[in-house]
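Understanding the architecture of this molecule
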Amino acid sequence: MEALRRPALPEDAVRYRLFAAAAAGPGGEALLRRCAEVLLVRFAPLLAAYVWQRQPFRLRYVPRRGETPAHIGGTTLFGDNVEDEWFIVYLVREITREFPGLAARIDDNDGEFLLIEAADFLPKWLNPENSENRVFFYKGELHIIPLSETPEQDCDLSAPCPTIPQALALLSSRSEEFLAAEPIRAAVNKRIDGYPEKIQASLHRARCFLPAGIVAVLRQRPSLVAAAVQAFYLRDPADLRACRRPFRTFPAEQRVMALVTFTRCLYAQLVQQKFVPDRRSGYTLPSPSHPQYRAYELGMKLAHGFEILCSKSSKVAPDAKRNVLSSPLWERFLRSLKEKDYFKGEMEGSAKYLELLHMAEDHFQQSVAMPESSVEVSPGDEILTLLQTTSIDLKEFEREAACLPPEDDDSWLDITPDALDQMLKEARNESLPSTNEEEQKYDLETVAESMKAFVSKVSSHEGAEMPWSSDESHVTFDVDSFTKALDRILGADSEELDSDDLDEEEEFDFSDGDDEDLDAGNQRQEQKVSPEELVGSLKAYMSEMDRELAQTNVGKSFTTQKRGASSVEAAASESAGPDSGAEDAELAPVDVDMNLVANLLESYSAQAGLAGPTSNILQSMGVYLPENTDHTGSSSRATQ
């Protein structure tokens, strides 16, 4: 019932909750609040330098509600940048490692997205219906509580999910028993591997020709670049009304060159959109051949985003902004940054030191010092407040523009088909097949066995299970199981069987029976038909059917097994005439493997290099087929 009352998460939001693994005492609230402050101070060096797409990572105290105990947590909108979500996963994992008394749950609108990432390695009993409150980060590792630990103590797939207090009690007492399997943990850890170094790799620095006011604002609040890009990227006709006249807040007259730090996602959103500014705005672009055209274009788009944000401002007075940088919490926050070498040895008061300090102040005001009951200030209000409280030295900006560092290379925007294939292979933990024809050894038996292994797996309305490799055991036929299943379908009593049909199957007499046959059938109706006799009858029936089909085009379309014949047998077959030889050939058993491979190759050739059922199934099992060089060669010869 609690799950039904809980509001659904937006599509681009991630929720994280950190619980005390052991039951908290009377001072639990104060302890959790203190823990939230310590956590954000501890991870401030990482968070201060991070540029969020929509919202930052925040921890707030949440009181007990229903069966959910009091905890600290939050919800972050990550927009189009899914890397924000996985960075939060990394943060949550590290928090539980640094503070082993905390157990963390993290999910989004898809539910347990950590399990989705490791879907290929999950146990069969685990599904979306029974996975709630079973997946936790605890002591830096992923834990999954199995079905046997639910109150019913059984493995019923429909058993209710444990409550969070029940799960926490199990984790605190026997966490080593619930450690997720190594492949599951490896899949999740691979997705967040590379942090915190990956933070710098995800940034892109580009030159932009911007109004001096925007340069001054970004010096104080670098994270506002994300709000400006989103305002431009998601603009509508109503937003552009403020851009169809000379800009009131950021006129185009006082512009300077500046180096702006984006995330790769923000930079791609800004670059890829085609936009022509209104002539009345005052923003004009040089010729595309101009060496600074990209900087002019980026600056124009970014200025439109800032102007749109300011046009939506509620005109909050500058003194309405909270002065939080003089509190004892800020002093502890700043001291922690210095202890962790956040300023990287920069001299206090230098340009680099001030840049890092502004980033830390920005993070502190947005994530640490904002109380739970406060209303979030709109970006437009913050921009107008900063413009009124920040001095703009145009000459200083121009001097800095003359010696800007080089911008980053944006060749990563262009991905070749081969690079895309390589990325997909790495995502699936597969290696690309060798391009050297001498190294390529295509075994047709492997193709046939892989397809047999796929067919032998269980399939249902939820999909088909893929075998892990082509080395699976061969397909086997269990006669006893087959007869029992057939017995359940047809019924064990002979009274349920048609005695006339059994007579015809056993005697292969398909003409109308006489009265004696009917009498004999009625007498045998009281007899019991054993499963072995029934299987034998079916086999004989199938043999007769094969004999009839062998004389048709359907039978001739299959490749049969070639049997070695002695000279005596060959001479006998020649003396018997052509009809006898044809009949022997027709009755030869069908070569199942040869027909399977031939049909697979024909289907693969029909794909013409595109994705299709044959390549998808075989590649999922690590089998790669070569190109149809015979077909391409004949086509080229025909062209010549």
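Residues numbered from 1 in each chain as written. Predicted model: local features only at pLDDT ≥ 70, side-chain atom pairs only at ≥ 80, totals over all residues. Heavy atoms only, no water.

1. Some details on the overall build of the chain
Where we set the bar: Only DSSP runs of H or I covering at least 4 residues are called helices, and only runs of E covering at least 2 are called strands; the numbering of each starts at the N terminus. Note on contacts: a residue pair is in contact if any heavy atoms of the two residues lie within 4.5 Å. Method for areas: the Shrake-Rupley scheme with a 1.4 Å probe, in which residue coverage is limited to the protein chains shown.
Helix and strand counts for the chain stand at 28 helices and 10 strands. Excluding contacts between residues fewer than 6 apart, the proportion of contacts in the chain whose partners are at least 24 apart in sequence is 79%. If you sum the accessible surface of the chain, you get close to 36800 Å²; carbon and sulfur atoms cover 52% of it.

2. Observations concerning a nonpolar patch on the surface
What counts is decided by this rule: Residues forming no salt bridge and having over 30% relative accessible area are the ones grouped into patches, like charges within 9 Å of each other and nonpolar side chains (Val, Leu, Ile, Met, Phe, Trp, Tyr) within 5 Å. Any Lys or Arg side-chain nitrogen found within 4 Å of a carboxyl oxygen on Asp or Glu counts as a salt bridge. Working definition: with a 1.4 Å probe on protein chains only, accessible area under 20% of the residue-type maximum means buried, over 50% means exposed, and in between means partly exposed.
There is a patch of nonpolar side chains on the surface, built from Ile415, Leu420, Met423 and Leu424 and spanning about 360 Å² of accessible area. With respect to the element layout, Ile415 can be found in the loop between α16 (394–401) and α17 (417–427). Its relative accessible area of 48% is what places Ile415 among the partly exposed residues.

3. A word on unusual backbone geometry
Between Tyr195 and Pro196 the backbone carries a cis peptide bond, its omega angle lying at 5°. Positive phi, normally seen in glycine, also occurs at Asn133, with a value near 60°. Looking at where Asn133 falls in the secondary structure, it is placed in the loop between α5 (113–117) and β5 (135–138). You can call Asn133 buried: its relative accessible area is 11%. Located in the positive-phi region is Lys139, a residue other than glycine, with phi close to 55°. Residue placement: Lys139 occurs in the loop between β5 and β6 (141–144).

4. Some words on the pairing of β6
Here is the rule we go by: Two strands are said to pair when DSSP picks up at least two bridges between them.
In the sheet, β5 pairs with β6 via 4 bridges, with the strands oriented antiparallel. Within β6, the position partnered with Phe137 by the bridge is Leu142. Where β5 folds back on β6, the antiparallel hairpin that results is connected by 2 residues, among which Lys139 adopts a positive phi of roughly 55°.

5. Quick word on the environment of Arg279
The residue Arg279 is located in the loop between α11 (264–272) and α12 (293–311) in this model. Along the primary structure Arg279 and Cys243 are separated by 36 residues, whereas in three dimensions their C-alpha atoms are 9.7 Å apart.

6. A short note on the packing of α11 against α12
This is how the line gets drawn: Fitted lines through C-alpha atoms give the axes, limited to the stretch in contact for helices. The angle between two N-to-C directions lies from 0 to 180 degrees. Angle categories are assigned with fixed cut-offs, so that under 35 degrees is roughly parallel, over 145 is roughly antiparallel, 65 to 115 is roughly perpendicular, and the rest are oblique. Amino acids are sorted into nonpolar (Ala, Val, Leu, Ile, Met, Phe, Trp, Tyr, Cys and Pro), charged (Asp, Glu, Lys and Arg) and polar (every other residue, Gly among them).
Two numbers describe how α11 lies on α12: the axes approach to 10 Å, and their chain directions differ by 100°. Our classification of the angle between α11 and α12 gives roughly perpendicular. From α11, Tyr267, Leu270 and Val271 reach across to α12, where they touch Arg294, Leu298, Lys301 and Leu302. For the contact of α11 with α12, the class distribution of residues is 5 nonpolar, no polar and 2 charged.

7. Focus: the pairing of β5
Residues Val135 and Phe137 point to one face of β5 and Phe136 and Tyr138 to the other, with burial holding for every one of them. Here strand β4 (residues 102–108) pairs with β5 via 2 bridges, running antiparallel. If you follow Ala103 over to β5, its bridge partner there is Tyr138.

8. So, the pattern of salt bridges
Under the defined criterion, the tally for this structure stands at 20 salt bridges. The partner of Arg221 in a salt bridge is Glu382, and the shortest N-O contact between them spans 1.8 Å. Placement of Arg221 in the loop between α9 (212–220) and α10 (224–233) and of Glu382 in helix α15 (residues 379–389) is noted, with a sequence separation of 161 residues between them. For Arg221, a relative accessible area of 9% corresponds to the buried category. Glu382 sits in the buried class, given a relative accessible area of 16%. Each of Arg294, Glu297, Lys301 and Asp410 takes part in one network of salt bridges that share partners.

9. What about empty space enclosed by the protein?
Applicable threshold: Every definition here rests on a 1 Å grid over the protein atoms only: cavities are sets of points where a 1.4 Å probe fits but cannot get out, pockets are open sets enclosed by protein on both sides within 12 Å along at least five of seven lines, and lining residues have some atom within 4 Å of a point. Grid points are joined across faces, edges and corners, and a volume is the space filled by probe spheres set on the points.
Under the definition given, this model contains 2 cavities of 30 Å³ or more. Volume-wise, the second largest cavity comes out at about 30 Å³. In terms of lining, the second largest cavity is formed by Arg93, Phe137, Gly140, Glu141, Leu142, Arg185, Val188 and Asn189. Residue assignment for the lining of the second largest cavity shows that the elements contributing at least two residues are β6 and α7 (182–191).

10. Notes on the environment of Val215
Checked against the element boundaries, Val215 lands in helix α9. Note on Val215: relative accessible area 7%, which makes it buried. Put simply, Val215 and Met257 are 42 residues apart on the chain and 8.9 Å apart in space, counted from C-alpha to C-alpha. With residues up to four places along the chain from it excluded, the contact list for Val215 reads Leu210, Val256, Ala258 and Phe397.

11. A closer look at the sheet that holds β5
Strand order in the open sheet formed by 6 strands is β2-β3-β1-β4-β5-β6, with antiparallel pairing between adjacent strands. If you trace the sheet from one side to the other, it starts and ends with β2 (60–62) and β6, each paired once. The mean inter-strand angle of the sheet, taken between neighbouring strand axes irrespective of direction, is 35°. Pairing analysis gives 7 bridges linking strand β1 (residues 13–20) to β4, with the strands arranged antiparallel. When the sheet's bridge partners are listed, Val14 is paired in β4 with Asp108. The strands that helix α4 (residues 82–98) touches are β1, β3 (71–77), β4, β5 and β6; relative to β4, the one it contacts most, it runs at about 165°.

12. Concerning the environment of Phe113
Along the chain, Phe113 falls in helix α5. Overall, Phe113 belongs to the buried group, its relative accessible area being 5%. Separated by 75 residues in the primary sequence, Phe113 and Val188 have C-alpha atoms spaced 9.9 Å apart. Here Phe113 is in contact with Val14, Glu85, Trp86, Val89, Ile106, Asp107 and Asp108, once residues within four sequence places are set aside.

13. Structural notes on the packing of aromatic side chains
Stated formally: Working definition: a ring pair exists when centres of Phe, Tyr or Trp rings (six-membered ring for Trp) sit within 6.5 Å. Plane angles under 30 degrees give stacked, over 60 give edge-to-face, the rest tilted. For a lysine, the NZ atom is tested; for an arginine, the CZ atom; a charge sits over a ring if that atom is within 6 Å of the ring centre and within 35 degrees of the ring normal.
For the structure shown, the criterion picks out 14 aromatic pairs. Relative to Trp412, the ring of Tyr267 lies with its centre 6.1 Å away and its plane at 55°, an arrangement referred to as tilted. Of this pair, Tyr267 sits in helix α11 while Trp412 is found in the loop between α16 and α17, placing the two residues 145 residues apart along the sequence. Through pairs of rings, three or more aromatic residues link up here, namely Tyr50, Trp52, Phe87, Tyr90 and Tyr195. Lying over the aromatic face of Phe232, Arg235 brings its terminal NZ or CZ to 4.3 Å of the ring centre.

14. Side note on the side chain of His143
Note the following rule: Residues adjacent in sequence count toward polar contacts only when both atoms are side-chain atoms; beyond that, a polar contact is any pair of N or O atoms within 3.5 Å, and within protein one must be able to donate a hydrogen and the other to accept it.
Considering the arrangement of structural elements, one finds His143 in strand β6. With a relative accessible area of 4%, His143 lands in the buried category. Polar contacts involving the side chain of His143 include one to the main-chain carbonyl oxygen of Glu141, which spans 3.0 Å. There is a polar contact of 3.4 Å between the side chain of His143 and the backbone oxygen of Ser175. If sequence neighbours within four positions are ignored, His143 has contacts with Arg134, Val135, Phe136, Tyr138, Leu171, Ser175, Phe178, Leu179 and Ala180.

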